[in-house]
Amino acid sequence: MDKRYDFKKFEDEIYAQWEESGYFNPDNLPDAKEPFSISMPPPNATGMLHIGHALFLTLQDIMVRHARMTGKKALWLPGTDHAAIATNAKVEKILKEEGKTKYDLGQEKFIERVDEYVSTSQDTIRNQIRKMGSSCDWSRERYTMDEGLTKAVQTAFIDMYNDGLIYQGNRIVNWCPHCESTLADDEVEHKDHNAQLYYIKYGPFIIATSRPETKLGDTGVAVHPDDARYQEYVGKTIDVDLAGHTITVKVFADPEVDQEFGSGVIGVTPAHSVVDFDFAEKHGLETIQVIDEKGIMTDKAGKYASLEAPDARKQFVNDLETAGLIEKIEDYVQATSLCYRCGSVIEPLISKQWFIAVNKPADRLNGKSLKQVSIEVVKNDEIHFVPSRFEKIYFHWMENLRDWCISRQIWFGHRMPVWYAKNDTKKEKPIVSKEKPEGDFVQESDTLDTWFSAGLWTFSTLGWPEITNDLKTYYPTSVMETGYDIIFFWVARMIIMGTYHMEKENIRDVVKESVPFKTVYLHGLVRDRLGRKMSKSLGNGIDPLEMIEKYGADAVRLSLVIGITPGNDLRMFEDKIKGYRNFATKLWNIARFAKERGVKLTSEIPTLEKAPDKTDNPDNFGPWILSELSGLYSNYENSLKEYNFGQAGETLYTFTWHSLADWYIEMCKKSENVDYHNHVLGYVLYWLLKLLHPYTPFVTEKIWNEFDQKNPLMVEQLSDKHFKSLEDKMDSENKEMKVLIKRASSVKQEIEKKRKQADIDENKEKYTKELESIAAYIKSLEKKLANKQFVKNAPKEVVEREQQKLEDFKQKKEELEKLLGE
RNA sequence: GGGCGCUUAGCUCAGUUGGUUUAGAGCGACUGGUUUACACCCAGUAGGUCGGGGGUUCGAAUCCCUCAGCGCCCACCA
């Protein structure tokens, strides 16, 4: 073996061997029975691996490798997402560099161009995923735009349409003038910014508005029903002159109006405000659109027509001022809506779009709505969140969910199975069908929201709408592991889609449950050393590929996992990774030490009676390390069961470095009982490599290989039964074990004592101090034990423990006193 | 406006239902050592009133209240 583990030399090779072995595919695990499955959150097909990917790949790989090694039929299904808006924008940018626009190409050619781009760049992310050591089943890889998933999307759309859950409607939507597309509610970000509040003389009222130009489209005035100031106008329709532009508004009362804010009167603009749209629906107001899809004033804006909205505002305010209609202008902080992709200010607009009705009772769901069922399955614990606090956030979002706008005006994406007669230019008579109807029909030009297909991911990738063996076996998936930032975008949508489509009559009895996953594990965000988000503009990102190159994939994996807790952000910096590179080297050297001594890996428990019966004999460390190993195993398994990946990792680290290397191996060297220790070491290493493998798959596999093992480590079994028998054996030889382990620890103390003795002269002062603090502690223990309340109320074990402590410290005190010659 | 999280050694973080720890780890600092498993090493030292205050309890980093700072999410006050 080389003196140092050269990860660069081995990692790619090891991965290739794994892949060739076919064991990433659970079909090739013949003895495995109980299924375990994870759908990989699909990275963007055109994306590059970033540190966030590295984190989820590590966590999921740990789960999958562990499942595989504990006898499960472990499937980790990889894939990529077409990321409609992002990819569309990317290709548009490339075209721009060529001096072209998408219109030069036309939709068909543009899509060809996108497909071309996607297929060349998909390989990049695939290979980057491999670099992390991800043991996913590439034979089942999917893409959200592949043939099968396209079919799934169409089937899902048609089913929901036929059930009345998808409808076309003229409703107010979030419009991004830059992307020229609608956005879902949660694709809109809210940011405070400084704005002006204009108080306008508005017929008999004063109204406040931050967007004066929209007032040209007002059709109503809202006041509070109890507001004495405006009672006389309620129910009346009045004409209002706004500097020469006359609008007609209906005055109505609604309890939503806050009497205290502004003047207590709202000018209602149904076409350009979400709230006002709701008012309009409720009170039967007309809508007048004064701003169009590109942010330009329409003909309805009278003399302001064809101006850009900000210019129209300036001019309009100017005109109002001249006419003496501006009462005052106040500064105030307003929450504006911004596009989450490009940051443009969102324009609420009324337009004809496709929606999913989340509140509508559905026959398939026994008259419950999508929303109700999605809430229910989490309340009933059919799905549970780790950490559970995110359930509250999920409920809150679900309860307030409005109908989901699923149509997008970008070119790249799933086409809807919707057709219009060629002369139906207003899209008034949609025909929903997979095939183009006979005659002169054109397909709906809008595409579907990316999250529509992403919502189907857990079952579309298993072959749905076909009823496949995979669907029967692996649905619902065991765990959904993803970031908390994506709960609404994705997790919630998968729950909506899964609980609906898997209730279909031909599926219901085939899958075990309709929920898409049983557990949602949410990890935190990776931040820089200062806790800032990693971003290109800050240049504070850590490139996982560069780090793999420098320190190895195992080191990157450990650095992402040790010390983390579910749902909490973590900070990442290079030194951390370097430290874990050292760990891999440490492990390598342990193995090298073993190999050079002629150690053979073995699963056979070393006999205990070989340890000689002498207090200071280093051979006593044999039983000691076995008991440590046994403790490690239960700690490890319990931590993983609770998704405490950080803790399990830390336990492995501490055992390997400190118990095994620093103590046990040091003792081995001092013993002449070579055969015995070789057995112990071969045994401990055999199991330790298995335990470590999910965390550091490369170096453990390589070491395993160095010991000429038959099978790859990745399909070796971590046997619960074995550790039970280790424990049993230790129990059955309980008395002897306890004595031996105790002796081992007394050897440790002996060594420390000798060390102290050696430097006692130089450090007399220090030990005197220590003696003082021990004396003080003894006093406090005595006081505690003299406290009747304590003895009465505390559990017996605690009291006993304190008594034991007292004795131990008394002994320590005596020893120290002896040392100091007092 | 509502909700959530965080605040523990110089830095990054653990700390399970309150009691196996007179508060732990890694990194960094300092002292010493070792060159036949490993300097990507070993032994050790220093460093913390567990954000402040109050309460419950025999016992609180851990539970409750309150205040402060940081961060995040949600939200239709025009």
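About the thresholds
- Residues numbered from 1 in each chain as written.
- Chains lettered and ligands numbered in written order.
- Predicted model: local features only at pLDDT ≥ 70, side-chain atom pairs only at ≥ 80, totals over all residues.
- Heavy atoms only, no water.
- Helix = DSSP H or I, 4+ residues; strand = E, 2+ residues; numbered from the N terminus.
- Buried < 20%, exposed > 50% of the residue type's maximum accessible area, 1.4 Å probe, protein only.
- Contact = heavy atoms within 4.5 Å.
- Areas by Shrake-Rupley, 256 points an atom, 1.4 Å probe, with all protein chains shown as cover.
- Lys, Arg positive; Asp, Glu negative; His and termini not counted.
- Charge placed at Lys NZ, Arg CZ, Asp CG, Glu CD.
- Pairing = 2+ DSSP bridges.
- 1 Å grid on protein atoms, 1.4 Å probe; cavity = no way out; pocket = protein on both sides within 12 Å on 5 of 7 lines; lining within 4 Å.
- Points joined across faces, edges and corners; volume = space filled by probe spheres on them.
- Core = buried A, V, L, I, M, F, W, Y, C linked by side-chain atoms within 4.5 Å.
- Axes fitted to C-alpha atoms, helices over the stretch in contact; angles between N-to-C directions.
- Near = heavy atom within 4 Å.
- Polar contact = N/O pair within 3.5 Å; in protein donor to acceptor, adjacent residues only side chain to side chain.
- Nonpolar A, V, L, I, M, F, W, Y, C, P; charged D, E, K, R; others polar.
- Parallel < 35°, antiparallel > 145°, perpendicular 65-115°, else oblique.
- pLDDT = per-residue confidence, 0-100.
- Expected span 1.5 Å × (residues − 1).
- Salt bridge = Lys/Arg side-chain N within 4 Å of Asp/Glu carboxyl O.
- Phe/Tyr/Trp six-rings, centres within 6.5 Å; stacked < 30°, edge-to-face > 60°.

Details of the overall build of chain A
Next, step 1: Assigned secondary structure in chain A consists of 25 helices and 25 strands.
Next, step 2: Seen through its C-alpha atoms, chain A measures out along the principal axes to roughly 105 × 65 × 55 Å.
Next, step 3: Evaluated residue by residue, chain A yields a buried proportion of 54% over its 822 residues.
Next, step 4: Considering only intrachain contacts with a sequence separation of at least 6, the fraction spanning at least 24 residues in chain A is 77%.
Next, step 5: Carbon together with sulfur atoms contributes 47% to the accessible area of chain A, which is approximately 37,500 Å² in total.
Next, step 6: Looking at chain A, you have 112 positive and 132 negative side-chain charges, and the mean spots of the two groups are 4 Å apart.

A closer look at the sheet that holds strand E18 (residues 418-421)
Next, step 1: Read from one edge of the open sheet, three strands run E19-E18-E20, paired in antiparallel fashion. Edge positions in the open sheet fall to strand E19 (431-432) and strand E20 (441-443), since each of these has one partner strand only.
Next, step 2: Alignment of E18 against E19, held across two bridges, turns out to be antiparallel. The partner of Val418 across the bridge, within E19, is Val432.

Section: the layout of surface pockets
Next, step 1: In this structure, the second largest pocket spans a volume of roughly 660 Å³.
Next, step 2: Lining the second largest pocket are 17 residues; nearest its centre among them are Gln749, Asp808, Gln811, Lys812 and Glu815.
Next, step 3: Secondary structure elements with two or more residues in the lining of the second largest pocket: helix H22 (734-758), helix H23 (764-786) and helix H25 (796-819).
Next, step 4: With eight residues, the top contributor of residues to the lining of the second largest pocket is H22.

With respect to the nonpolar core
Next, step 1: Ranked by internal contacts, the top residues of the largest apolar core, which has 113 residues, are Met572, Leu629, Phe645, Leu660, Tyr664, Val684 and Tyr695.
Next, step 2: What Phe645 contacts, discounting residues up to four positions off in sequence, is Leu59, Ile62, Met63, Tyr521, Val561, Leu640 and Tyr695.
Next, step 3: Phe157, Ala184, Ile383 and Leu401 belong to the second-largest nonpolar core, a separate cluster that totals 66 residues.

Regarding the sheet that holds strand E9 (residues 220-223)
Next, step 1: Overall, mixed pairing links the four strands, which are arranged E10-E11-E9-E12 in an open sheet. Every interior strand has two partners, whereas the edge strands, strand E10 (237-242) and strand E12 (265-268), have only one. Neighbour-to-neighbour, the strand axes of this sheet turn through a mean angle of 35°, independent of strand direction.
Next, step 2: Of the strand pairs in this sheet, E9 and strand E11 (residues 245-253) are connected by four bridges, and their pairing is parallel. Bridge pairing in E11 places Val223 opposite Ala253.
Next, step 3: Against the sheet, helix H6 (residues 274-283) touches E11 and E12, its axis set at about 85° to E12.

Brief notes about the protein's contact with RNA strand B
Next, step 1: Near RNA strand B lie 51 residues; those nearest to it are Asp258, Thr585, Lys586, Arg592 and Trp657.
Next, step 2: The separation between a sugar or linking oxygen of RNA strand B and a polar side-chain atom of Tyr332 is 3.1 Å.
Next, step 3: Between RNA strand B and Tyr777 there is a distance of 3.4 Å, counted from a phosphate oxygen to a side-chain nitrogen or oxygen.
Next, step 4: Sorting the residues of the surface near RNA strand B by element identifies strand E13 (326-339), helix H9 (389-399), helix H16 (574-596), helix H18 (645-670), helix H24 (788-793) and H25 as the ones contributing at least two each.
Next, step 5: Counting residues per element, the surface near RNA strand B draws most heavily on H16, which supplies ten residues.
Next, step 6: Looking at the surface near RNA strand B residue by residue, the classes come out as 19 nonpolar, 13 polar and 19 charged.

Some words on the packing of H16 against helix H20 (residues 697-706)
Next, step 1: Running from amino to carboxyl end, H16 crosses H20 at an angle of 10°, the nearest separation of the two axes being 10 Å. Comparing their axes, H20 and H16 come out roughly parallel. On the side of H16, the interface is formed by Ala584, Leu587, Trp588, Ala591 and Lys595, while H20 contributes Val699, Thr700, Lys702, Ile703 and Glu706.
Next, step 2: Broken down by class, the residue content of the contact of H16 with H20 amounts to six nonpolar, one polar and three charged.

A few points about the side chain of Asp159
Next, step 1: For Asp159, the location among the structural elements is in helix H5 (residues 147-162).
Next, step 2: Its relative accessible area of 12% is what places Asp159 among the buried residues.
Next, step 3: The residues touching Asp159, leaving out its near neighbours within four places in the chain, are Arg364, Tyr500, His501 and Lys504.

Quick look at the confidence of the model for chain A
Next, step 1: Residues with a pLDDT of 70 or more make up 98% of chain A, whose mean pLDDT is 92.
Next, step 2: Overall fold confidence for the complex sits at a pTM of 0.94, while the interface term, ipTM, reaches 0.95.

Quick word on helix H3 (residues 84-97)
Next, step 1: Its 14 residues give H3 an end-to-end C-alpha distance of 20 Å, which sits within 8% of 20 Å, the value for a rise of 1.5 Å per residue.
Next, step 2: Within the sequence span of H3, burial applies to Ala84, Ile85, Ala86, Thr87, Asn88, Val91 and Leu95.
Next, step 3: Residues of H3 that are buried in the fold lie against helix H4 (102-131), strand E6 (181-183) and helix H10 (450-455).

Re the pattern of salt bridges
Next, step 1: For the structure shown, the criterion picks out 49 salt bridges.
Next, step 2: Close ionic contact of Glu574 with Lys550 constitutes a salt bridge, the shortest N to O distance being 2.6 Å. With a gap of 24 residues between them, Glu574 in helix H16 and Lys550 in helix H14 (residues 544-551) connect regions that are remote in the sequence.
Next, step 3: The exposure class assigned to Lys550 is partly exposed, which follows from its relative accessible area of 42%.
Next, step 4: Here the salt bridges share partners, and the residues they tie into one network are Asp27, Asp137, Arg140 and Asp470.

Re the environment of Val249
Next, step 1: Topologically, Val249 is positioned in strand E11.
Next, step 2: Excluding anything up to four places from it in sequence, Val249 contacts Tyr202, Asp218, Thr219, Gly220, Val221, Lys236, Thr237, Ile238 and Val240.

Quick word on helix H17 (residues 621-641)
Next, step 1: Compared with the 30 Å implied by 1.5 Å per residue over 21 residues, the 30 Å span of H17 between its first and last C-alpha is a close match.
Next, step 2: Looking one or two residues past H17, Tyr643 carries a phi angle of roughly 60°, positive in sign.

What about the packing of aromatic side chains?
Aromatic ring pairs: the centre-centre distance and the angle between the two ring planes describe each pair.
Next, step 1: For the structure on display, the rule yields 40 aromatic pairs.
Next, step 2: With a centroid separation of 6.5 Å and an interplanar angle of 50°, the aromatic rings of Trp18 and Phe24 are classed as tilted.
Next, step 3: When the centroid spacing of 6.0 Å and the interplanar angle of 80° are considered together, the rings of Phe459 and Tyr475 count as edge-to-face. With Phe459 in helix H11 (residues 457-460) and Tyr475 in the loop between helix H12 (469-474) and strand E22 (477-483), this pair connects stretches of sequence that are 16 residues apart.

Details of empty space enclosed by the protein
Next, step 1: Scanning the entire structure with this criterion turns up one cavity of 30 Å³ or more.
Next, step 2: The space that makes up the largest cavity amounts to roughly 40 Å³.
Next, step 3: Every residue along the wall of the largest cavity is listed here: Ser37, Ile38, Ser39, Leu75, Leu77, Thr458, Thr461, Leu462, Tyr474 and Thr477.
Next, step 4: Those elements giving two or more residues to the lining of the largest cavity turn out to be strand E1 (35-39) and strand E2 (73-77).
Next, step 5: Counting residues per element, the lining of the largest cavity draws most heavily on E1, which supplies three residues.
Next, step 6: In terms of residue class, the lining of the largest cavity is built from five nonpolar, five polar and no charged.

So, the pairing of E18
Next, step 1: By the bridge criterion, three bridges tie E18 to E20 in an arrangement that is antiparallel. Bridge pairing links Tyr420 to Val442 in E20.

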